[in-house]
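Coordinates in review
Read off the chains here:
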Amino acid sequence: MIAVIKFLGTNCDLDVCHAIKLAGGKPKLVFYTEKNLEPYKGAVIPGGFSYGDYLRAGAIAARAPVIEGLRKMVEDGKPVLGICNGAQIGLEAGFYKGVLTNNINSRFICKWVYIRVENNKTPFTKYYKKGEVLKIPIAHAEGRFYADDETLDYMYRKNMIVFKYCDETGEVREDVNPNGSIDNIAGVCNENFNCVLLMPHPERASEKILGSDDGLKMFKGMIE
């Protein structure tokens, strides 16, 4: 069973549950007050606007009781996926270094983008080829990833960059970077590859009727 974490202001939880079911899994909504996540095989931190994005996006949620259980999951090697606000919460909670800050144009951006798979060794990317291009939407105001040079160098050496924004042919260019993220980074992971934090919404690209089903394999890989 996969825990789908719900904070005050989370609004993508049911979409994630639907995607998990499509992938053959069993989701269960888990409220932010729960500390013990031992019964679950993995977890997804969905998108939304937890606590209205006050202070910083994800800053308040990252101090909630459920973070203790999520941190233990990551440490135990269980798959944990943070999507959009979930990625912001994961970084604020210290699941890895780096920050997600205001988009370079200081505006909320909601549109389809292309991302390229940089690391296909995670549970979530195992069904993709390295260099494969995915069509997945974004919807955020604070999605610009930043890390200092030392951290970024370490991440490249350890293969912790999972996705980059690109064009439909897979070329990574500045003009297709929607939010100003350093090096077009759209998703990252921890050293053990079991915790992936990304800004695009794979659950919104889980059925062709939505415009793309490129995101469904992330949930299939997680469940396997």
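Bear in mind that the values here come from a model prediction, so they are computed numbers and not experimental data.

Observations regarding the overall build of the chain
Looking only at helices and strands, the chain features five helices and 11 strands. Here the C-alpha atoms of the chain give a radius of gyration of 16 Å, agreeing with the 17 Å that 2.2 N^0.38 yields for 224 residues. Principal-axis analysis of the C-alpha atoms gives the chain an extent of 45 × 35 × 30 Å. The buried share among the 224 residues of the chain stands at 55%. Taking contacts inside the chain between residues at least 6 apart in sequence as the whole, the part at least 24 apart equals 76%.

Remarks on the side chain of Asn85
Structurally, the position occupied by Asn85 is in helix 3 (residues 85–92). Residues contacting Asn85, with those up to four places away along its chain left out, are Pro46, Gly47, Gly48, Phe49, Ser50, Asp53, Ala57 and Gly58.

Examining the pairing of strand 4 (residues 80–83)
Where burial is concerned, the two faces of strand 4 agree: the one with Val80 and Gly82 and the one with Leu81 and Ile83 are both buried. Across three bridges, the pairing between strand 3 (residues 42–45) and strand 4 is parallel. Within the sheet, the bridge partner assigned to Val44 lies in strand 4 and is Leu81. After leaving strand 3, the chain enters helix 2 (residues 66–76) and then returns to the sheet as strand 4, a path that is right-handed. Two strands pair when backbone bridges link them, and strand 4 and strand 11 (residues 195–198) are joined in this way by four bridges, in the parallel orientation. Bridged to Val80 within strand 11 is Cys195.

A closer look at the nonpolar core
In terms of nonpolar packing, the biggest core is built from 70 residues, with Phe7, Leu70 and Phe163 touching the most fellow members. For Leu70, the residues in contact, after removing those within four places along its chain, are Ile5, Leu37, Ala43, Ile45, Val80 and Phe95.

Details of unusual backbone geometry
Phi is positive for Asn159, close to 60°, though the residue is something other than glycine. In this structure, Asn159 sits in the loop between helix 4 (149–157) and strand 9 (161–166). Judged by relative accessible area, which is 28%, Asn159 ranks as partly exposed.

Focus: the sheet that holds strand 10 (residues 185–189)
If you walk across this open sheet you meet the nine strands as 2-1-3-4-11-10-9-6-7, and the pairing is mixed. Of all strands in the sheet, those with a lone pairing partner are strand 2 (27–31) and strand 7 (133–140), marking the two edges. Here the strands of the sheet are splayed against their neighbours by 25° on average, with no regard to which way each runs. Examined bridge by bridge, strand 6 (residues 109–117) and strand 9 share four bridges and lie antiparallel to one another. For Tyr114, the partnering residue across the bridge sits in strand 9 and is Cys166.

Points about the pattern of salt bridges
Pairs may arise between side chains of opposite charge once their charged atoms sit close together. Per the counting criterion, the structure on display carries 12 salt bridges. For the salt bridge of Lys126 with Glu224, the shortest nitrogen-to-oxygen distance reads 3.0 Å. Of this pair, Lys126 sits in the loop between strand 6 and strand 7 while Glu224 sits in the segment after helix 5 (216–223); the two residues are 98 residues apart in sequence, bridging distant segments of the chain. A residue is classified by how much of its surface remains accessible, and Glu224, at 61% relative accessible area, is exposed. The shortest N-O distance in the salt bridge between Arg204 and Glu203 comes to 3.9 Å. Take Arg204: its relative accessible area is 28%, and that puts it in the partly exposed class. One network of salt bridges, with partners in common, ties together Asp167, Glu171, Arg173 and Asp175.

Regarding the packing of helix 1 (residues 13–22) against helix 5
Put simply, helix 1 and helix 5 touch, their axes get as near as 8 Å, and they point 65° apart. Comparing their axes, helix 5 and helix 1 come out roughly perpendicular. At the point where helix 1 passes helix 5, the crossing takes the right-handed sense. Between helix 1, through Val16, Ala19, Ile20 and Leu22, and helix 5, the contact on the second element is made entirely by Leu216, Phe219 and Ile223. When grouped by side-chain class, the residues that make up the contact of helix 1 with helix 5 number seven nonpolar, no polar and no charged.

Parameters at a glance
Residues numbered from 1 in each chain as written. Predicted model: local features only at pLDDT ≥ 70, side-chain atom pairs only at ≥ 80, totals over all residues. Heavy atoms only, no water. Helix = DSSP H or I, 4+ residues; strand = E, 2+ residues; numbered from the N terminus. Rg over C-alpha atoms; globule rule 2.2 N^0.38 Å. Buried < 20%, exposed > 50% of the residue type's maximum accessible area, 1.4 Å probe, protein only. Contact = heavy atoms within 4.5 Å. Pairing = 2+ DSSP bridges. Right-handed = clockwise from strand over helix to strand, strands pointing away. Core = buried A, V, L, I, M, F, W, Y, C linked by side-chain atoms within 4.5 Å. Axes fitted to C-alpha atoms, helices over the stretch in contact; angles between N-to-C directions. Salt bridge = Lys/Arg side-chain N within 4 Å of Asp/Glu carboxyl O. Parallel < 35°, antiparallel > 145°, perpendicular 65-115°, else oblique. Left-handed = near helix turned anticlockwise from the far one by under 90°. Nonpolar A, V, L, I, M, F, W, Y, C, P; charged D, E, K, R; others polar.

Functional significance is not addressed by these values, which are geometric in nature.
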